[in-house]
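# A structural walkthrough
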Amino acid sequence: MRRFLLEISAHMYKEIKYIMRDPAWLVVFSIFPYVMAAMSCLMGIASSYISPDAFSEFQRNTGSSNAMLYFLTGYGIMFPSFLVVSVASENTGAEIASGTLEQIFVSPAKRELFILFSSFPYILVAMLGLIVSYAPLLLMGISILDFLIAMTMVFIGLLPLLGLGVLASNLTIKVKEYWSAANFLQAFLTLFSGFAYPISFLPEWMRLVSHVLPTSYAVELVRKYVEAHSISYSNLYGIVLMAIAYITAGVMSFRLVEKEGERSGSIYSS
Amino acid sequence: MARELVKIYRTKKGRRKEEIRALDGVSFKAEKGEIFGLLGPNGAGKTTTVKILSTILTPDSGEAFIDGKSVLKEKEDVRKVIGVTFTVEKGFYNKLTGKENLIYFGVLRGMSFSDARRRADELLDLVGLSDDKNRLFEEYSLGMRAKLAIARTLMHDPPVLILDEPTIGLDPIAARNVRNLLAELRKEGKTILLTTHNMREAEELCDKISMIDRGRIILSGTVDELKRFVGGKIVVIDFLADIEMENAIKKDNGVSELRIECDKGNEMDIMYEALTYLRSKGARVIKAQVEEPSLEDVFVKVMRKPQVVA
């Protein structure tokens, strides 16, 4: 157990050092949800000049009477999701490029802990950013307890993304531009998660895709809680199941990466 | 100890499948507390051997043991007793300092943070990086990176070190520092497997050497045993002229060096003949002398006769 904790601490130590070397992006990251939510609201206001029914249409389609709350909730989840999925999906590729993967494999360190806890600190950082992003919720009448529950929901919603990113990373180890998987996943999440519009707007086949993305469940879960104080257990269970499935698949795929290395040596940079 | 290691890389070029036999029955044995050199040209199979011994590559057949443990069946145990350096220019995190990198890899090897910090300070001092320990790895020169790589192999104080060309690309002073360090480590009782294609380095450091080419060990023994393989003496003549000769190597300064292997007692006759020939071609002789054969002479000889196995 002590060994496990030491290894987890080592990965956290490394990543937190990395984050601390360039903390400026955290500020940008925390502010972005406001900017995006404000822009969406301004677009809505502009639309209401063209069509006086715009706001009632928004209410009817989203079930929300507070546009700022609606958008802030969605974008608040979008940016942490982007962060987690991009870090996790670039991890293996970046380790290969820097030649550190061989050094990890040649050590007796647990592979599962390495692949998960190299990205996990970014979930914690994303949560810190989210405190800033979601702070206006407190001004909109949300109690501190509800605020914390909403934060916990986002945290749970980010866990499957860790597995999804790791899986994508390991499936694309032969791609030299290892960051392209992150770009693809981010575009995918933007389109199908319903950060800024209800999923019910999407055509049938697109809705099917959104069902395999944990973010679409997380967005719905948090919005329902923040706006109606009700916990959607079906969404919560969906996220938990996805977390188990994606994390298991991610870890297993990393084992396959190691096997590929042992078989062909082609993934090593030396 | 490596026994009959075979490794075939299978690649695809378009629809065509290709097989590259990287190792073809490699066997050798390094004794405890010695520096064992694996010498060979680029693509000879040195790095493949190192990766197999480091447990990160599986051979198609054969077996290897380190400290009595199988690299195939007891990987976890082997990983605990080895320290490995692959390429020295990579393998660290750019945005961590030298010391932070050592701490991270030390903790992954089972050390506590406080032990890793203390050990990192000791080793950075040993390899002469104390003043630069708080600089980011990306700011390190190649020589500093090589020293840090060796420091990492020593973090958990393993009895066996596997070093893949640790001095490649280093300037002469940095290379000498690394060689001195390796000699010190041997005194401490470490067993070191060193791959290199630097003959002088191997001659200076290694207790035993295996020469490898195209995946096969073609000659093994101590430096003296290997030199006996050449036998006699070497006549060395430096001259200035544009003459193409089989045994002559053109140096950077325009001087050609002719090296002729000959039997003991015959060296003066050979030198006389060679000088007569060179003068007849209008060459200006700068230096002529008789030398003991070097490891390089052995290497050149065995590479010309790759069928030799000793």
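Residues numbered from 1 in each chain as written. Chains lettered and ligands numbered in written order. Predicted model: local features only at pLDDT ≥ 70, side-chain atom pairs only at ≥ 80, totals over all residues. Heavy atoms only, no water.

## Description of the overall build of chain A
To be explicit about the condition: Per the convention used, a helix needs a DSSP run of H or I reaching at least four residues, while a strand needs a run of E reaching at least two, with both numbered from the N terminus. Our radius of gyration is a C-alpha quantity, and the globule rule it is checked against amounts to 2.2 Å times the number of residues to the power 0.38. Exposure categories follow from relative accessible area, calculated using a 1.4 Å probe and restricted to protein chains: below 20% of the type maximum is buried, above 50% is exposed, and the middle band is partly exposed. We get accessible surface area from the Shrake-Rupley algorithm with a probe of 1.4 Å; when it comes to residues, only the shown protein chains can shield them.
A count of helices and strands for chain A gives 12 helices and 0 strands. Reading the secondary structure of chain A in the N-to-C direction produces α-α-α-α-α-α-α-α-α-α-α-α. The C-alpha radius of gyration computed for chain A amounts to 20 Å, which stays within 12% of the reference 18 Å derived for 270 residues, consistent with globular compactness. In chain A, which comprises 270 residues, the share counted as buried stands at 54%. Accessible area of chain A: about 11,900 Å², with a carbon and sulfur share of 71%.

## As for the overall build of chain B
Formally: We call two residues in contact whenever any of their non-hydrogen atoms come within 4.5 Å of each other.
Tallying secondary structure elements over chain B gives 10 helices and 14 strands in all. If you line up chain B on its principal axes, its C-alpha atoms span 70 × 45 × 45 Å. Going through the 310 residues of chain B one by one, you find that 54% of them count as buried. Partitioning the contacts of chain B with sequence separation of at least 6, the portion at a separation of at least 24 is 65%. Entry remark: accessible area of chain B is about 14,500 Å², with carbon and sulfur atoms responsible for 46%.

## What about the interface of chain A and chain B?
Defined as follows: Throughout, buried area stands for the accessible area (probe radius 1.4 Å) lost by two parts on being put together, summed over both. One speaks of a salt bridge when a side-chain nitrogen belonging to Lys or Arg is within 4 Å of a carboxyl oxygen belonging to Asp or Glu. Polar contacts, as counted here, are pairs of nitrogen or oxygen atoms within 3.5 Å of one another; within protein the pair requires one atom able to donate a hydrogen and one able to accept it, and residues that are adjacent in sequence qualify only if both atoms are side-chain atoms. Nonpolar residues are Ala, Val, Leu, Ile, Met, Phe, Trp, Tyr, Cys and Pro. Charged residues are Asp, Glu, Lys and Arg, and all others, Gly as well, are polar.
With 36 residues of chain A at the interface, the matching set in chain B holds 38 residues. Summed over both partners, the interface of chain A with chain B comes to about 3,200 Å²; 60% of that surface belongs to carbon and sulfur atoms. Per-residue buried area on chain A facing chain B is highest for A:Y13, A:Q103 and A:V106; these three make up 21% of the total on that side. Residue B:K75 pairs with A:E262 through a salt bridge whose shortest N-O separation is 3.0 Å. Where chain A packs against chain B, one counts 17 residue pairs in polar contact (both at pLDDT 80 or more). Those elements giving two or more residues to the side of chain A that touches chain B turn out to be helix 1 (2-21), helix 4 (67-98), helix 5 (100-105), helix 6 (111-117) and helix 12 (233-264) of chain A. When residues of the side of chain A that touches chain B are assigned to their parent elements, the largest contribution, 12 residues, is made by helix 1 of chain A. Among the residues forming the side of chain A that touches chain B, the class breakdown is 12 nonpolar, 12 polar and 12 charged.

## A short note on the sheet that holds strand 9 (residues 208-213) of chain B
Residue and element names in this part refer to chain B. Note the following rule: Here, strands pair whenever DSSP counts at least two bridges between them. Fitted lines through C-alpha atoms serve as axes, helices being fitted only where they are in contact, and the angles separating the N-to-C directions of these axes extend from 0 to 180 degrees.
A sheet is described by the order of its strands in space; here 6 strands give the open sequence 6-7-8-3-9-10, paired in mixed fashion. With one partner strand each, in any of the chains shown, strand 6 (82-85) and strand 10 (216-221) form the two edges of the open sheet. The sheet shows a mean angle of 15° between the axes of neighbouring strands, direction not considered. Pairing geometry for strand 9 and strand 10, over 5 bridges, is antiparallel. Its bridge partner being in strand 10, D213 is matched across the sheet by R216. Where helix 5 (residues 142-154) meets the sheet, it contacts strand 6 and strand 7 (160-164), and its direction lies at approximately 165° from that of strand 6. Along the sheet, helix 10 (residues 295-304) contacts strand 3 (35-39), strand 9 and strand 10; its crossing angle with strand 9, the most-contacted strand, is approximately 35°.

## Details of the pattern of salt bridges
Summed over all chains, the structure comprises 44 salt bridges over all chains. Residues A:R21 and B:E100 are paired through a salt bridge, measuring 2.9 Å at the closest nitrogen-oxygen approach. Residue A:R21 is found in helix 1, and its partner B:E100 is found in helix 3 (residues 98-108); the two belong to separate chains. Judged by relative accessible area, which is 34%, A:R21 ranks as partly exposed. You can call B:E100 buried: its relative accessible area is 9%. Between B:R179 and B:E204 there is a salt bridge, with the nearest N and O atoms lying 3.3 Å from each other. Of this pair, B:R179 sits in helix 6 (residues 172-187) while B:E204 sits in helix 7 (residues 199-205), and the two are 25 residues apart along the sequence. Since its relative accessible area comes to 37%, B:E204 is described here as partly exposed.

## As for the packing of aromatic side chains
The condition that has to hold: Two rings belonging to Phe, Tyr or Trp (six-membered ring only in the last case) form a pair when the distance between their centres is within 6.5 Å. Interplanar angles under 30 degrees mark stacking, angles over 60 mark edge-to-face geometry, and anything in between is tilted.
Under the criterion given, the structure shown has 25 aromatic pairs over all chains. Ring geometry for A:Y233 and A:Y237: centres 6.1 Å apart, planes at 35°, overall tilted. With A:Y233 and A:Y237 both in helix 12, this residue pair falls 4 residues apart, about one helical turn. Site record: aromatic cluster; members linked through ring pairs are A:Y18, B:F92, B:Y93, B:Y104, B:F105, B:F137 and B:Y140.

## Focus: the sheet that holds strand 12 (residues 248-250) of chain B
Residue and element names in this part refer to chain B. In space, the 4 strands of this open sheet follow the order 12-13-11-14, with antiparallel pairing throughout. Either end of the sheet is taken by a strand with one partner, and the two such strands are strand 12 and strand 14 (284-291). The average angle at which neighbouring strand axes cross in this sheet is 20°, direction not considered. Here strand 11 (residues 233-240) pairs with strand 13 (residues 256-262) via 7 bridges, running antiparallel. From the neighbouring strand, F239 faces strand 13, where its bridge partner is S256. Helix 9 (residues 267-280) rests against strand 11, strand 13 and strand 14 of the sheet, and its axis sits at about 20° to strand 11.

## Concerning the domain arrangement of chain B
The cut-off we apply is this: Start and end positions for the domains come from either an automated domain assignment or a database one.
Annotation of chain B at the domain level lists domain 1 (2-227) and domain 2 (232-292). Computed over C-alpha atoms only, the centres of domain 1 of chain B and domain 2 of chain B are separated by 38 Å.

## Let's talk about the confidence of the model for chain B
Residue and element names in this part refer to chain B. Selection rule: Each residue carries a pLDDT value, the predictor's own confidence for that position, ranging from 0 to 100.
This prediction gives chain B a mean pLDDT of 86; 98% of its residues lie at or above 70. Taking the mean pLDDT of every element in chain B, the minimum, 73, falls on strand 12 and the maximum, 95, on helix 3. Reported confidence for the predicted complex is 0.85 by ipTM and 0.83 by pTM.

## With respect to the environment of B:E76
Relative to the helices and strands, B:E76 is located in helix 2 (residues 75-81). As a C-alpha pair, B:E76 and B:V290 span 214 residues in sequence and 52 Å in three-dimensional space.

## Examining the pairing of strand 8 (residues 191-196) of chain B
Residue and element names in this part refer to chain B. Applied cut-off: Assignment of crossover handedness uses the view with strands pointing away from the viewer, where a clockwise path from the first strand over the helix to the second indicates a right-handed crossover.
Burial within strand 8 is extensive, with 6 of its 6 residues counted as buried. Along strand 8, one buried face is formed by T191, L193 and T195 and the opposite face, lined by I192, L194 and T196, is buried too. Here strand 3 pairs with strand 8 via 5 bridges, running parallel. Along strand 8, the bridge assignment pairs L39 with T196. One ladder, built from 5 bridges, connects strand 7 with strand 8; its direction is parallel. Residue pairing across strands places I162 opposite L193, the latter belonging to strand 8. Note on the crossover from strand 7 through helix 6 to strand 8: the handedness is right-handed.

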